[in-house]
Amino acid sequence: METTAPDTRALALSSPATHPPFRTAAVLGAGTMGAQIAAHLANAGLDVHLLDIAGDDDPNAVVKKGLKQAQNAKPAAFFTDDVADRIYTGNFDDDFARIADADWIIEAVVERMDIKRDVHARIEAHAAADAVISTNTSGLPIHEIAEGRSEDFKQRFLGTHFFNPPRYLKLLELVPTPATDRAVVERVAQFGRLHLGKGIVVANDVPYFIGNRIGVYAQLQAIRYFTEGAYTIEEIDTLTGKLVGHPKSATFRTADVVGLDVLADVTTNLHEKAVDDEKRDAFQVPELLQRLVDEGRLGAKTGAGFYKKENGEIKSIDPKSFTYTGADEQELNLDAIWSAGGVEARLQALYEDDGRAGQFFRETTLDLIGYSARRLGEITDNPADVDRAIRWGFGWELGPFEMWDVLGFETVRDGLAAHDIETPDWVDTMASSGQTAFYKTTESKRHVYVPSDGGYVPDPTPADELTLDPIKAEPSNELWHNDEAALLDIGDGVALFEFRSKANSLGRAVMEGLQEAIAKVEHDPNLRGLVVGNEGKNFSVGANLGEMATAAQQGQFDQIGQYIAGFQETIQRVRYASKPVVVATHQKALGGGCEMAMACPHPVAAAETYIGLVELGVGLIPAGTGTMRMAAWAHQRTPSDHASDIQATLRSYFETIAMAEVAESAPQAIQKGFLPEHTRVVMNADRRLHVAKQEVLRLSEEGYLPPPVQNKVKVLGEKTLAAFKVALRQYREGNYISAYDEFLATKLGYVLTGGDLSAPQEVHEDYLIELEREVFLSLLGEEKTQARVEHILKHNKPLRN
């Protein structure tokens, strides 16, 4: 085994994995991080032993509390409620020996070196001889934690720094020591990427590694522009939020969510440990932050921090009075910046802006870029790893070196000099060699400039990630397009239909384009099937309500009827195409987007798919075959053919649609009935298009045959509808729903139970499709539905009228 620091730049991370997956894990420490790491391991299908110190009266009181908090976490830590059944609780006194059953042991106890060392001494005494052992720490030196342990222990020991919350933040920093076996690093990296959905960055064993070292520096830098009186909290959160490609929580709301005590502790530790950092003084806790912590105003968990909600109004801290006040009117003049275009254009416009907004952006961005440049060689050699850590750990669209490229190499270099910001010698070396960008693409392969190598090195996309930009860069790969969609050749005889509409909405051009794309694939002997997917923020937010609202206001109901019929026909083509069509969802798949996935015989879904039939929220019912499909599935998924048994399943679907519920994960979508049980769930969303392509090839190889038409769907008639009406009346009398909600849900139930049928009866799916279309059109003519549609289009929030 290796005893020198392993070269991890060429870790084999793509599938198929070259190391066995973990099946059982032990997480030691049931605090916020430990419990949520355990939850996500359970999401991945592992059995997890979650242990903590023994309580006084109940030995498992501490671990039970931690698990309960994870179960109640918002956003949810578990994919589904029953995932928690895979977690086995215990305590250090009675159950420590159980870690012998684990093939991955993660220590996540309090951030104190002495306690961590004691725990690892106990781990060494009980762990299996081949178990991988890691510590989840945000900043303690990894090699120091392993001091006193055997060489065998050190060879299978490393740091695994998850970001909070572990389910949602993509970054997993791996921190090997010089003694860590490369195979151990690679095994954890492969498992983390393939089965936990993580983006893997290997960091040097230095204070706070990569993500926090750069990200916390940026956060403290922004906070000081408030504490020194130049900008308000609201202005800084505007200038460090979505405007510049950062999360909407920006600086101060993020601090409140993380916890001001946590931020203060990280800052204090960084100041203590980063002794060789020329900007060490930047890691001193601002006086305002320390006072908030001292007074117990710790952010969201205490109801007050930098922000506080009072009488329904969000107020911010006044540093002079230390009370909370309403926001003053901002004087940033950002209209031109917002109208510049995408994030890259907005950054360029901000840099050139001569107002207060431009001054803030230039000063903070140049300072951060300079600091990041000076950290190369310490935290990592690779600028791409800095950018990935910031994007995956802090949710920025662009990391520091990517921003440098966007703003222009020489522009930033001149700005650094003008602001007297120190730059390392390699910046001049890079400039003198004529290199003016950190990233370049040659022959569809990306390279990054690494100063320690004195030039560009490959920065390839993993082989099992299918990205569309390189494909679209070659004109011959575009087989067809219109204004809102395109058909791309993604290789190996597989095509991909990409939405290009606003928010990936399913308007007329998209749906007509999908019909044409399926026809092209069916009639081209060189094409084996079709993937429907995209790389947008969301898979699809549903049908284009704006088109329908305009037509309804003009009384063009015949045209709307034709559009809905065409929409239904397109969804049915997805299901019954003669070659496999695989729909690959991610993030939001709502309304028509959900119906498209429901219709797909073999869907692929990123684990973080939030899917649902939300039409009742805008005064309509699902009419892209979604209502029909739920009625059919209620029959198919009920073990017996008895009406009473079918009714129980149908009622759960009825309630789900009537309440416009959205599944919070792909596994939960399967439970709620939006996706079939055989859905291919992909933990790493970056792999979903690759997996979908492989699914097309698999189906083609097997000799694809579309599913049979559902010609005997058992619907239950007026007796079941009457039962639904009784339940709705109870909800109405309890003021849980409005009178119009009751009216809409009754219309939904009417279709689900088969319309005007006096008794259970078997019907063809086309009967239900026509029924859902008729009801949809009738509802579109209702004034209250039109008001709901208008409200959602104007305010992006549902109206309850």
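Residues numbered from 1 in each chain as written. Predicted model: local features only at pLDDT ≥ 70, side-chain atom pairs only at ≥ 80, totals over all residues. Heavy atoms only, no water.

(A) Seen up close, the overall build of the protein. Check the secondary structure of the protein and you find 32 helices and 23 strands. Taking 801 residues into account, the globule formula puts the C-alpha radius of gyration at 28 Å, and the protein, at 28 Å, falls close to it. Projected onto its principal axes, the C-alpha positions of the protein cover 80 × 65 × 65 Å. Across the 801 residues of the protein, 57% fall into the buried class. Partitioning the contacts of the protein with sequence separation of at least 6, the portion at a separation of at least 24 is 70%. For the protein, the exposed surface amounts to about 33,200 Å²; the carbon and sulfur share of it is 47%. Separation of charge centres in the protein, based on 80 positive and 118 negative side chains, amounts to 4 Å. (Helix = DSSP H or I, 4+ residues; strand = E, 2+ residues; numbered from the N terminus. Rg over C-alpha atoms; globule rule 2.2 N^0.38 Å. Buried < 20%, exposed > 50% of the residue type's maximum accessible area, 1.4 Å probe, protein only. Contact = heavy atoms within 4.5 Å. Areas by Shrake-Rupley, 256 points an atom, 1.4 Å probe, with all protein chains shown as cover. Lys, Arg positive; Asp, Glu negative; His and termini not counted. Charge placed at Lys NZ, Arg CZ, Asp CG, Glu CD.)

(B) Broad picture of the pattern of salt bridges. According to the stated counting rule, one finds 49 salt bridges in the structure shown. Three or more residues are tied together by salt bridges with common partners; here these are Arg-213, Asp-277, Glu-278, Arg-374, Arg-375 and Glu-378. (Salt bridge = Lys/Arg side-chain N within 4 Å of Asp/Glu carboxyl O.)

(C) Broad picture of the environment of Arg-98. Along the chain, Arg-98 turns up in the loop between α3 (92-95) and β4 (104-107). By relative accessible area, which is 21% here, Arg-98 ends up partly exposed. Separated by 49 residues in the primary sequence, Arg-98 and His-49 place their C-alpha atoms 7.6 Å from one another. For Arg-98, the residues in contact, after removing those within four places along its chain, are His-49, Leu-51, Tyr-88, Thr-89 and Gly-90.

(D) Spatial organisation of the sheet that holds strand β14 (residues 455-458). Strand order in this open sheet of three strands is β12-β13-β14, and the pairing throughout is antiparallel. Looking at strand neighbours, the two that pair on one side only are β12 (439-442) and β14, the edges of this open sheet. Ignoring which end each strand starts from, the neighbouring axes of this sheet average 40° apart. The sheet contact formed by β12 and strand β13 (residues 445-450) spans four bridges and is antiparallel. Its bridge partner being in β13, Tyr-439 is matched across the sheet by Val-448. Sheet strands in contact with helix α16 (residues 383-394) are β12 and β13, and its direction is about 105° off that of β13. (Pairing = 2+ DSSP bridges. Axes fitted to C-alpha atoms, helices over the stretch in contact; angles between N-to-C directions.)

(E) Geometry of the nonpolar core. The biggest cluster of nonpolar side chains holds 110 residues, and the ones touching the most others in it are Leu-28, Ile-105, Ile-123, Phe-306, Ile-317, Trp-404 and Phe-438. What Trp-404 contacts, discounting residues up to four positions off in sequence, is Ile-369, Ala-373, Phe-409, Val-412, Arg-413, Leu-416, Val-427 and Phe-438. One finds Phe-497, Ala-632, Leu-675 and Leu-744 within the second-largest nonpolar core, a separate group that totals 85 residues. (Core = buried A, V, L, I, M, F, W, Y, C linked by side-chain atoms within 4.5 Å.)

(F) Representation of α16. Across its 12 residues, α16 extends 16 Å between first and last C-alpha, which sits within 8% of the 16 Å expected from 1.5 Å per residue. Here α16 has its buried residues at Pro-383, Ala-384, Asp-385, Val-386, Asp-387, Arg-388, Ala-389, Ile-390, Trp-392 and Gly-393. Each element contacted by the buried residues of α16 is listed here: β7 (171-176), β8 (199-202), α8 (211-227), α17 (400-407), β12 and β13. Backbone nitrogen of Ala-384 and a side-chain oxygen of the N-cap are separated by 2.9 Å at the start of α16; the cap is Asn-382. After α16 finishes, the residue Gly-395 shows a positive phi value of roughly 75°. (Expected span 1.5 Å × (residues − 1). Polar contact = N/O pair within 3.5 Å; in protein donor to acceptor, adjacent residues only side chain to side chain.)

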